[in-house]
Amino acid sequence: MKRMNSKLAGRLLAFFAISLVVGCSGRAATEDTEVDLGAAVSRPAAPPSGAATATAGRPADLTDAMVQEGARIYSGVGICAACHGADAKGAIGPDLTDDEWLIGDGEFEQLVAQILTGVSAAEATNELGAIMPPKGGAAITDAQVRAVAAYVWTLSH
Ligand code: HEC
């Protein structure tokens, strides 16, 4: 790793995280809950529901249906959980549940834009130089990006 440039290291990390999820379909996500009794262990840990309650500052076009779809995308086809953790509290990628934003302001449209473009090596703030590919590297539509951004927005609001 010593001679590897950080961009390459980031790509490798990204690849590793994606293969983890594809290969184990979220099994890594259960590790945190293993102290819990049987039921919790046998199914993959669910991320916070993002249960939509009326929140101040919530954009009018951010609907409950989007939030629910976004939660499914987050831990499913969006592969976000691979890098941000099943509970979205961070792994390779940062915690998305707190209200500290490393890059943007955490507002809905900014989250949409950030997820669409990802985070380049130049923009990334982590010491590993880990990057986030556009759309997290997932094959999701722009509408799915808006849904997952809606879910992420609710985590900190
Ligand atoms: C391959 C790993 C990886 C995947 C997959 C991934 N991310 Fe990221 N994400 C990162 C990294 C790394 C950063 C940048 C952290 C930094 O600044 O160093 C980041 C940053 C972010 C940020 C900005 C956080 C901040 O504090 O400003 C958001 C929002 C985000 N990701 C959401 C998502 C969503 C939603 C998905 C799924 C569609 C996703 N990410 C998939 C690795 C990933």
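Residues numbered from 1 in each chain as written. Predicted model: local features only at pLDDT ≥ 70, side-chain atom pairs only at ≥ 80, totals over all residues.

Enquirer: Teacher, can you tell me more about the overall build of the protein chain here?
Expert: If you tally the helices and strands in the protein chain, you get six helices and zero strands. Along the protein chain, helices and strands appear, N-terminal first, in the series α-α-α-α-α-α. Out of the 157 residues in the protein chain, the part that is buried amounts to 35%. Here the analysis covers contacts within the protein chain between residues at least 6 apart in sequence; of these, 64% occur between residues at least 24 apart. (Helix = DSSP H or I, 4+ residues; strand = E, 2+ residues; numbered from the N terminus. Buried ≥ 20, exposed ≤ 12 C-beta atoms within 10 Å, placed from the backbone. Contact = placed C-beta atoms within 7 Å.)

Enquirer: Where do I start with the environment of Thr97 in this structure?
Expert: Looking at where Thr97 falls in the secondary structure, it is placed in the loop between α4 (80–84) and α5 (108–117). Among the residues examined, Thr97 registers 18 C-beta atoms within 10 Å and is labelled partly exposed. For the pair formed by Thr97 and His84, sequence separation is 13 residues and the distance between their alpha carbons is 9.9 Å.

Enquirer: Please explain helix α6 (residues 142–155) as it appears in this structure.
Expert: It helps to recall that an α-helix has 3.6 residues per turn; residues three or four apart then point in one direction. In this model α6 runs 20 Å from its N-terminal to its C-terminal C-alpha over 14 residues, within 8% of the 20 Å that 1.5 Å per residue would give. A large share of α6 lies buried, amounting to 12 of its 14 residues. Every buried residue of α6 is accounted for by Gln144, Val145, Arg146, Ala147, Val148, Ala149, Ala150, Tyr151, Val152, Trp153, Thr154 and Leu155. As for α6, its buried residues are in contact with α3 (64–75), α4 and α5. (Expected span 1.5 Å × (residues − 1).)

Enquirer: What is the right way to read the site of the ligand from this model?
Expert: Of all residues adjacent to the ligand, which total 32 residues, the nearest are Cys80, Cys83, Gly93, Met132 and Gly136. For the shell around the ligand, the secondary-structure elements that each account for two or more residues are α1 (6–24), α4, α5 and α6. Residues that form the shell around the ligand fall into these classes: 22 nonpolar, nine polar and one charged. (Near = placed C-beta within 6 Å. Nonpolar A, V, L, I, M, F, W, Y, C, P; charged D, E, K, R; others polar.)

Enquirer: I tried to follow unusual backbone geometry on my own but got confused; where do I start?
Expert: Among all residues except glycine, the phi angle is most often negative; among peptide bonds, the trans geometry is most common. Positive phi values are uncommon outside glycine, yet Ile79 reaches one of about 50°. One can find Ile79 in the loop between α3 and α4. Residues other than glycine seldom take positive phi values, yet Ala88 does so here, at roughly 65°. Examined against the element boundaries, Ala88 turns out to sit in the loop between α4 and α5. What makes Ala88 buried here is the crowd of 25 C-beta atoms within 10 Å.

Enquirer: Just checking my understanding: could you explain α3 for this structure?
Expert: The end-to-end C-alpha separation of α3 is 17 Å, in line with the 16 Å expected for 12 residues at 1.5 Å each. Those residues of α3 not exposed but buried are Met66, Val67, Gly70, Ala71, Ile73, Tyr74 and Ser75. Where α3 is buried, its residues touch α4 and α6.

Enquirer: How do you make sense of the nonpolar core when you look at a structure like this?
Expert: Soluble globular proteins tend to bury their nonpolar side chains together. In terms of nonpolar packing, the biggest core is built from 31 residues, with Tyr74, Val148, Ala149, Ala150, Tyr151 and Val152 touching the most fellow members. Within the residue set of this core, elements represented by two or more residues are α3, α4, α5 and α6. If you tally residues by element for this core, the top one is α6, at nine residues. Setting aside its immediate chain neighbours within four residues, Ala150 contacts Leu62, Met66, Val67, Gly70 and Phe108. (Core = buried A, V, L, I, M, F, W, Y, C linked by C-beta atoms within 7 Å.)

Enquirer: Is there a simple way to think about the environment of Asp87 in this case?
Expert: Looking at where Asp87 falls in the secondary structure, it is placed in the loop between α4 and α5. A sequence separation of 10 residues divides Asp87 from Thr97, and the C-alpha atoms of the two residues are 8.5 Å apart.

Enquirer: How should I be thinking about the packing of α3 against α6 in this particular structure?
Expert: If you want to describe how two helices pack, look at the angle between their axes and the distance between the axes. Two numbers describe how α3 lies on α6: the axes approach to 7 Å, and their chain directions differ by 95°. On the basis of their axis angle, the class for α3 and α6 is roughly perpendicular. Judged by residue contacts, Met66, Val67, Glu69, Gly70, Ala71, Ile73 and Tyr74 of α3 engage Gln144, Arg146, Ala147, Val148, Ala150, Tyr151 and Thr154 from α6. Of the residues assigned to the contact of α3 with α6, the class counts are nine nonpolar, three polar and two charged. (Axes fitted to C-alpha atoms, helices over the stretch in contact; angles between N-to-C directions. Parallel < 35°, antiparallel > 145°, perpendicular 65-115°, else oblique.)

Distances and angles like these do not, on their own, reveal function.
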